[in-house]
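# Overview (structure and organization)
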Amino acid sequence: MSKLLTVFGATGAQGGSVVNYVLQSSELSKIYRLRGITRDVSKPAAVILKDKGVEIVKVNPLPYFHRVLYEVFLAAARAIAIEFTKLADMDDPASLADAVAGSYAVFAVTNYWERSSQAVEIAQGKAIADAAVAADASLLIWSSLPHISKISKGKFTGLYHFDSKAEVEIYIRGLPIKSLFYMAGFYMQNFQTMFRPKLGDDGTPQLNLSWPTHTHLPLIDIADTGKFVAPALFDPVKYDGKRFTGATAYYESGPLVDALSKDAGKEVKYVQGGPGADNIPPEIAKVLEELKGFMEDLEYFGPTGREDLEWTLAQLKDKPTTWESFVEAEGPWFGSK
């Protein structure tokens, strides 16, 4: 009988990649059946997954008072045999029991920016971990990040979304469950949104970023997440406690603009001095400035990042997407498709 893999954020970037990778893998789809946790069970991505045989469980976004009313309603609905979508609330640990019940493996990811609170993200991560242990799951894959304040010995303390995920990782390492820690690099998809290349005032195509040209940025096509967690799904014992560094390679500005220049048919200029978008919230702009300083000192993944990435890539069955192939596939970048 197949094993149950429960994926949080099943219609999001990371979780969606894990679900799709398992569905498309002739080997993994024989080993695992899937349960997806998502906020909106009615959105097209959730409906498509359900049609493909993925069990869908909804994350409850309601305030506490409304959740209580929901539970009363759900109990009444069950009493009269009305089928109703189960809800899982990451702010309510007790509700996670049903979400992970029967799971052999759990992929867990949280979104710091949804509430912009370290305390909330840490509590949510610990709640998922506790639920996985209580459900007697064999494997927990946690989407983590480096502990910047510790790595920098207190020099950089404002990268809260890094440190909160790292704190959950520390907690998981003390639990009686096999674990893998997936460390996503800088999303290539960020260049489609906040950091999208644009035309300058003089019409010159340019890429505007806050860090110097020599900064090494580890890029990942986040749709490759499934490629990075697959080894643990195949062999949880071998990779128990390991960190998988999620990136294709470290890129300086040169290769970034070279690929964009090929797409544009003319030279793309690299411009340092700002995040490159007018709609970046001040909080994120502040984080980018702190990240710039950290990368200058220790690079994105810290002092062992390059060695860790080399090891990780050697474990993968499928090669991750390169920046060059991503740019080619997602172009044109300076006009409409």
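Placed above this text is the structure.
Summary of the structure given here. (Residues numbered from 1 in each chain as written. Predicted model: local features only at pLDDT ≥ 70, side-chain atom pairs only at ≥ 80, totals over all residues. Heavy atoms only, no water.)

Quick look at the sheet that holds strand β14 (residues 269-272) now. Strand order in this open sheet of three strands is β9-β10-β14, and the pairing throughout is mixed. Either end of the sheet is taken by a strand with one partner, and the two such strands are β9 (198-199) and β14. The strands touched by helix α11 (residues 253-264) are β10 (205-209) and β14; relative to β10, the strand with the most contacts, the crossing angle is about 150°. (Pairing = 2+ DSSP bridges. Helix = DSSP H or I, 4+ residues; strand = E, 2+ residues; numbered from the N terminus. Contact = heavy atoms within 4.5 Å. Axes fitted to C-alpha atoms, helices over the stretch in contact; angles between N-to-C directions.)

A few words on the packing of helix α7 (residues 118-134) against helix α9 (residues 160-173). The geometry of α7 relative to α9 is characterised by a closest axis approach of 9 Å and an angle of 30° between their N-to-C directions. Judged by the inter-axis angle, α7 sits roughly parallel to α9. α9 is crossed by α7, and the crossing has right-handed handedness. Touching Gln118, Glu121, Ile122, Gly125, Lys126, Ala129 and Asp130 of α7 are Tyr160, His161, Asp163, Ser164, Lys165, Glu167, Val168, Tyr171 and Ile172, all from α9. A breakdown of the residues in the contact of α7 with α9 according to their chemical character gives six nonpolar, four polar and six charged. (Parallel < 35°, antiparallel > 145°, perpendicular 65-115°, else oblique. Left-handed = near helix turned anticlockwise from the far one by under 90°. Nonpolar A, V, L, I, M, F, W, Y, C, P; charged D, E, K, R; others polar.)

Moving on, we get to the packing of α11 against helix α14 (residues 323-330). Between α11 and α14, the least distance of the axes is 9 Å, while the angle of their chain directions is 30°. Our classification of the angle between α11 and α14 gives roughly parallel. Between α11 and α14 lies a crossing whose hand is right-handed. In contact with Pro255, Leu256, Ala259, Leu260 and Asp263 of α11, α14 contributes Trp323, Glu324 and Val327.

Before going further, it helps to spend a moment on the nonpolar core. Counting 38 residues, the largest nonpolar core has Phe191, Trp211, Leu219 and Trp323 as its most contacted members. If you list the elements that add at least two residues to this core, you get β10, β11 (217-220), β13 (249-251), α11, α12 (282-298) and α14. When residues no more than four places from it in sequence are discounted, the contact partners of Phe191 are Phe186, Arg196, Pro197, Leu207, Leu209, Leu217, Leu219, Leu256, Trp323 and Trp333. If you look at the next biggest cluster of nonpolar residues, it comprises 31 residues, including Val7, Tyr182, Ile222 and Leu233. (Core = buried A, V, L, I, M, F, W, Y, C linked by side-chain atoms within 4.5 Å. Buried < 20%, exposed > 50% of the residue type's maximum accessible area, 1.4 Å probe, protein only.)

Our next topic: the packing of aromatic side chains. What describes a pair of aromatic rings is the distance from one ring centre to the other and the angle between the planes of the rings. The tally for this structure, following the rule as stated, stands at 18 aromatic pairs. Taking 5.0 Å as the distance between ring centres and 85° as the angle between the ring planes, the aromatic pair formed by Tyr112 and Trp113 counts as edge-to-face. Trp113 gets classed as partly exposed once you look at its relative accessible area, which sits at 32%. Measuring from centroid to centroid gives 5.2 Å for Phe244 and Trp311, while their planes differ by 90°, and the two rings are edge-to-face. Here the residue Phe244 occupies a position in strand β12 (residues 242-246), and Trp311 occupies one in helix α13 (residues 305-315), the gap between them amounting to 67 residues. Given a relative accessible area of 0%, Phe244 falls into the buried group. Put simply, the rings of Phe186, Phe191, Phe195, Trp211, Trp323, Phe326 and Trp333 pair up and form one aromatic cluster. Across from the ring centre of Tyr104, 4.1 Å away, lies the NZ or CZ of Lys3, which sits over that ring. Against the face of Tyr250 rests Arg306, its NZ or CZ located 4.3 Å from the ring centre. (Phe/Tyr/Trp six-rings, centres within 6.5 Å; stacked < 30°, edge-to-face > 60°. Lys NZ or Arg CZ within 6 Å of the ring centre and 35° of its normal.)

Right, let's get into the pairing of strand β6 (residues 139-144). For β6, the buried fraction is high: six of the six residues fall into the buried class. With burial as the criterion, each face of β6 is covered, one bearing Leu139, Ile141 and Ser143 and the other bearing Leu140, Trp142 and Ser144. As paired elements, strand β5 (residues 105-108) and β6 share four bridges and run parallel to each other. Residue Val106 lies in a different strand from β6, and its bridge partner there is Leu140. Relative to strand β7 (residues 178-184), β6 runs parallel, the two sharing six bridges. Opposite Leu140, over in β7, you have Ser179 as the bridge partner.

Right, let's get into the pattern of salt bridges. One pass over the full model with this rule turns up 10 salt bridges. Linking Glu169 and Arg173 is a salt bridge whose minimum nitrogen-to-oxygen distance equals 3.0 Å. One end of the pair, Glu169, and the other, Arg173, are both in helix α9, four residues apart, so they sit about a helical turn from each other. Judged by its relative accessible area of 42%, Arg173 is partly exposed. Of the charged contacts, one joins Lys292 and Glu289 as a salt bridge, the two residues approaching to 4.0 Å between their closest N and O atoms. Here Lys292 pairs with Glu289, and both are found in helix α12, just three residues apart, close to one helical turn. Looking at Glu289, the relative accessible area reads 48%, which means it is partly exposed. Residues joined in a network through salt bridges with shared partners are Glu169, Arg173 and Arg243. (Salt bridge = Lys/Arg side-chain N within 4 Å of Asp/Glu carboxyl O.)

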